[in-house]
Amino acid sequence: MMEAFKTHKGIVVPIDQMNVDTDAIMPKDFIKRVERTGFGQYLFYHWRYNLDGSRKEDFVLNQREFEQGSILIARKNFGCGSSREHAPWGLQDYGFKAIIAPSFGDIFYTNCLKIGLLPVIVDEASIQLVFDAVRAIPGIKVIVNLEQKQIRMSDGKILNFQIDDYSQHLLLAGLDDIDLTNQHEAAIQALEKT
């Protein structure tokens, strides 16, 4: 059973770039394993590290204010490109609980929902407000409330977002595809007996 998502308060990490593809999020060098864990260390690997393995100090995840970040903000079409599940696995394993952007790659969006990583779609004006707040106060926290479909900024501003009722229900209850199947266990066993 995946972890239920109701509300989360966390430090916002800005990736101020459009069309961030899944190869940038989780480079192909690190997708040989099939377990869901252990991928956080490779997240944005080629953006985070130099060829010699040293940290790129100017990359956001290497900056002290954002080290404990758990809410990622990005520009439109985040998670485009290939369908690799390792990209959302890496984001979740690193510690991200939600990603806020104006749009996502379709398969990436679905893969996030399936593991309980909340992809939040907001309009361009709303995402700009969040980027501006992070620029003004690096390390700022916001609250993402899935029950109310709202983002609460530190200054009290409320940004609304939409998510379909089915996905919202699954995330609030912490149900993945296997959990949904297991809800019909009695019927499955009865069918097997026939």
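In this text, all values refer to a predicted model and were calculated from it rather than measured experimentally. (Residues numbered from 1 in each chain as written. Predicted model: local features only at pLDDT ≥ 70, side-chain atom pairs only at ≥ 80, totals over all residues. Heavy atoms only, no water.)

A. Main features of unusual backbone geometry. In this structure, N19 takes a positive phi of about 55° despite not being glycine. Residue placement: N19 occurs in the loop between β1 (7-15) and α1 (22-25). Exposure remark for N19: the relative accessible area of 43% places this residue in the partly exposed category. (Helix = DSSP H or I, 4+ residues; strand = E, 2+ residues; numbered from the N terminus. Buried < 20%, exposed > 50% of the residue type's maximum accessible area, 1.4 Å probe, protein only.)

B. Local environment of the sheet that holds strand β4 (residues 118-121). Ordered by their spatial adjacency, 7 strands build an open sheet running β4-β3-β2-β1-β5-β6-β7, and the pairing between neighbours is mixed. Each end of this open sheet is capped by a strand with a single partner; those strands are β4 and β7 (158-160). Across the sheet, the mean angle separating the axes of adjacent strands is 30° when strand polarity is ignored. Both strand β6 (residues 150-152) and β7 contribute to a ladder of 3 bridges, which runs antiparallel. Looking at the pairing, Q150 lines up with N160 of β7. Strand contacts of helix α4 (residues 106-115): β3 (98-101) and β4, with the helix running at about 135° to β4, the strand carrying the most contacts. (Pairing = 2+ DSSP bridges. Axes fitted to C-alpha atoms, helices over the stretch in contact; angles between N-to-C directions. Contact = heavy atoms within 4.5 Å.)

C. Here's a closer look at the side chain of N111. Turning to its location among the elements, N111 is positioned in helix α4. For N111, the residues in contact, after removing those within four places along its chain, are S83, R84, E85 and P88.

D. Structural detail: the packing of aromatic side chains. Counted according to the given criterion, the structure contains 13 aromatic pairs. Relative to Y45, the ring of Y42 lies with its centre 6.4 Å away and its plane at 55°, an arrangement referred to as tilted. Classification of Y45 by relative accessible area gives partly exposed; the value is 24%. Between W47 and F59 the ring centres are 6.1 Å apart and the planes differ by 70°, which places this aromatic pair in the edge-to-face class. (Phe/Tyr/Trp six-rings, centres within 6.5 Å; stacked < 30°, edge-to-face > 60°.)

By themselves, these observations are geometric and do not establish any function.
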